[in-house]
Amino acid sequence: MDSTDLGLNTQLAHFGEDEKVLGAVVPPIFQSSLFVFDTYEDFCSGIYERPEGPPYHYSRIGNPSVHVAEKKIAQIEGTDGCKLCSTGQAAITLAIMSSVQKGAHVVAVGTCYGPTRYLLEEYLPKFGVTATFVTGLSTEEIFEAIRPETSMVYLESPSSIIFRLQEIEIIAKHCREKGITTMIDNTYCTPVFCNPAKLGIDIVLHSATKFMGGHSDLTAGAICTNSARIEKLIRSEINLLGSLLAPFPAWLLTRGLRTLGIRMQRHQQTGNIVASWLEGQPQVERIFHVGLESYPQRELFLRQMRGSTSLFTFEPKCQEKAKIAAFANRLQLYQIGVSWGGFESLVVPLEMKPDDWTESRWLIRFFCGLEEPEDLIADIEQALVELD
Ligand SMILES: *Cc1c(COP(=O)(O)O)cnc(C)c1O
């Protein structure tokens, strides 16, 4: 069977798992730092001909348990390959470092994930790399920010907290013509709802800690790209910075990936039910949720994404920090905490001021887990009195 003809959930259940070890239906955890060879000739071919394996030689570069998850992710993302790192941020930092030189300039979406912005704004200038931040709301704004020395355009669609989308295909085409590397953080969508590489993006990044893992029991990050870039990453950043994912979290990640498709559908349904209800509540000023019909970039959403999730933010009319804290404290099913993408619902109030806002605003971000939507609505309803 040609695996590319199979549906997403079929691929997620089977792909990358053909090799059965002693008949075990689940691939074992290869908890081994190194791999040995019968002969020195085999050993040489292991090291010099295939950096990734099989044959495997050293778990800083590649490991069979890690490779199962890497093959599954590359298959559903539609890239030649994938390398997994110990966290999403490690994957992002490695990939960015692989694509910039001294004196390079980067154009990036300003509302990208906080630590990524810190890397571009505060850390990389130490090495002579500078960045211009854009809202990403129009392609013209991005193209105008590009300079002769721009070597990378960094996207995150939808972006963190306020979920702004970018026109992926048009931006990728323009950058390719100019020889500029394009990179995108695809953590929100996962390969289930968008495949940016198929729209022309060079490097697709994921925090696999979120939906891909799906059970809040691991941290991991994915770099999905073509063979030449994978090869280069293995020889430099992965080899040098030493943050390949370890076998056990990779095995857990494979377990999470098998149910990614069905979990994403469930998150989509729950997110739309809860956000639509919340939109009608008097305490709410506005909701940032790409799945709502009222979403300002609705047309682009429908054109570019196959679905939305249960991660959204609302701006309460009440902007008093103490009342917002009381609201969060009163919630029972939504636990207070960072991250998202697991089985459990989460809430986090945060103050935010994107570059193009005149003042900072208190926002409340919800992640709806796998609980029943009506229970989640009832929970929010009983807590909303704190925001009256
Ligand atoms: C969480 C997150 C990251 C960082 O991933 P970690 O696994 O926490 O290092 C990057 N981008 C986005 C959009 C995220 O939500």
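Here is what the cut-offs are and how they apply
Residues numbered from 1 in each chain as written. Predicted model: local features only at pLDDT ≥ 70, side-chain atom pairs only at ≥ 80, totals over all residues. Heavy atoms only, no water. Domains from an automatic or database assignment. Contact = heavy atoms within 4.5 Å. Buried area = accessible area lost by both parts, 1.4 Å probe. Salt bridge = Lys/Arg side-chain N within 4 Å of Asp/Glu carboxyl O. Polar contact = N/O pair within 3.5 Å; in protein donor to acceptor, adjacent residues only side chain to side chain. Near = heavy atom within 4 Å. Helix = DSSP H or I, 4+ residues; strand = E, 2+ residues; numbered from the N terminus. Expected span 1.5 Å × (residues − 1). Bend = angle between axes of the 7 residues up to and from the residue. Buried < 20%, exposed > 50% of the residue type's maximum accessible area, 1.4 Å probe, protein only. Pairing = 2+ DSSP bridges. Right-handed = clockwise from strand over helix to strand, strands pointing away. Core = buried A, V, L, I, M, F, W, Y, C linked by side-chain atoms within 4.5 Å. Axes fitted to C-alpha atoms, helices over the stretch in contact; angles between N-to-C directions. Parallel < 35°, antiparallel > 145°, perpendicular 65-115°, else oblique. Left-handed = near helix turned anticlockwise from the far one by under 90°. Nonpolar A, V, L, I, M, F, W, Y, C, P; charged D, E, K, R; others polar.

Asker: What exactly am I supposed to notice about the domain arrangement of the protein chain here?
Answerer: Interfaces are often sized by the accessible area lost when the parts come together. Looking at the protein chain, the domain boundaries give domain 1 (3-30 + 63-258) and domain 2 (260-387). Measuring from the centre of the C-alpha atoms in domain 1 to the corresponding centre in domain 2 gives 25 Å. Counting from both sides, the interface comprises 43 residues of domain 1 and, opposite them, 40 residues of domain 2. Across the domain 1 to domain 2 interface the summed buried area is about 3,200 Å²; carbon plus sulfur atoms make up 61%. Of all residues in domain 1, the largest losses of buried area upon contact with domain 2 belong to Ile-161, Phe-193 and Phe-211, amounting jointly to 26% of the total for that side. In this structure, the connection of domain 1 to domain 2 is made through three salt bridges. Between Arg-164 and Asp-356 there is a salt bridge, and its shortest N-O distance comes to 2.9 Å. At the boundary of domain 1 with domain 2, the tally comes to 19 residue pairs in polar contact (both at pLDDT 80 or more).

Asker: Help me understand the site of the ligand, please; the structure alone is not making it clear to me.
Answerer: Taken together, 14 residues lie near the ligand, and Gly-88, Gln-89, Asp-185, Thr-209 and Lys-210 sit nearest. The contact in question runs from an oxygen atom of the ligand to an N or O atom on the backbone of Gly-88, over 2.8 Å. Within the side chain of Asp-185, a nitrogen or oxygen atom sits 2.6 Å from a nitrogen atom of the ligand.

Asker: What is the right way to read helix H9 (residues 227-241) from this model?
Answerer: Given 3.6 residues per helical turn, the α-helix brings residues three or four places apart onto the same face. The end-to-end C-alpha separation of H9 is 20 Å, in line with the 21 Å expected for 15 residues at 1.5 Å each. The sharpest bend along H9 reaches about 45° and sits at Ile-234. Those residues of H9 that sit buried are Ile-230, Leu-233, Ile-234, Glu-237 and Ile-238. Against strand E1 (81-85), helix H4 (88-98) and strand E7 (221-225) lie the buried residues of H9. Immediately beyond the C-terminal end of H9, within one or two residues, lies Gly-242, with a positive phi of roughly 60°.

Asker: Honestly, the pairing of strand E2 (residues 105-109) in this entry has me stumped. Any pointers?
Answerer: Here is the key point about a regular strand: its side chains alternate between the two faces of the sheet. Of all five residues in E2, five are buried, a share of seventy percent or more. The pairing of E2 with strand E3 (residues 130-134) spans five bridges and is parallel. Among the inter-strand pairings, His-105 is bridged to a residue of E3, identified as Thr-130. Traced from E2 through helix H5 (residues 114-123) to E3, the parallel crossover comes out right-handed. Alignment of E2 against strand E4 (residues 150-156), held across four bridges, turns out to be parallel. Bridge assignment links Val-107 to a residue of E4, and that residue is Val-153.

Asker: Honestly, the nonpolar core in this entry has me stumped. Any pointers?
Answerer: Nonpolar side chains in soluble globular proteins generally cluster together in the buried interior. Counting residues in each nonpolar core, the largest one holds 62 residues, and the members touching the most others are Ile-73, Leu-84, Val-153, Leu-253 and Leu-260. No other element matches helix H3 (residues 64-77), which puts five residues into this core. When residues are assigned to domains, this core turns out to be shared by domain 1 (3-30 + 63-258) and domain 2 (260-387), each giving three or more. Those residues in contact with Leu-84, other than ones at most four positions away along the chain, are Val-66, Ala-69, Glu-70, Ile-73, Gly-221, Ala-222, Ser-243, Leu-244, Leu-245 and Leu-253.

Asker: Explanation requested: the side chain of Ser-59 in the structure shown.
Answerer: Note on placement: Ser-59 falls in the loop between helix H2 (40-48) and H3. A polar contact is formed between the side chain of Ser-59 and the side chain of Asn-63, at a distance of 3.1 Å. Leaving out residues up to four positions away in the same chain, Ser-59 has contacts with Ser-32, Ser-33, Phe-35 and Leu-244.

Asker: Would you explain the packing of H4 against H5 in this entry?
Answerer: Packed helix pairs are specified by the crossing angle of their axes together with the interaxial distance, meaning the distance between the axes. Here H4 crosses H5 at 30°, and the two axes come no closer than 10 Å. Regarding the angle of H4 to H5, the classification is roughly parallel. Crossing of H4 against H5: the hand is right-handed. Contacts between H4 and H5 pair Gln-89, Ile-92, Thr-93 and Ile-96 from the former with Pro-115, Thr-116, Leu-119 and Leu-120 from the latter. Per-class residue counts for the contact of H4 with H5 are five nonpolar, three polar and no charged.

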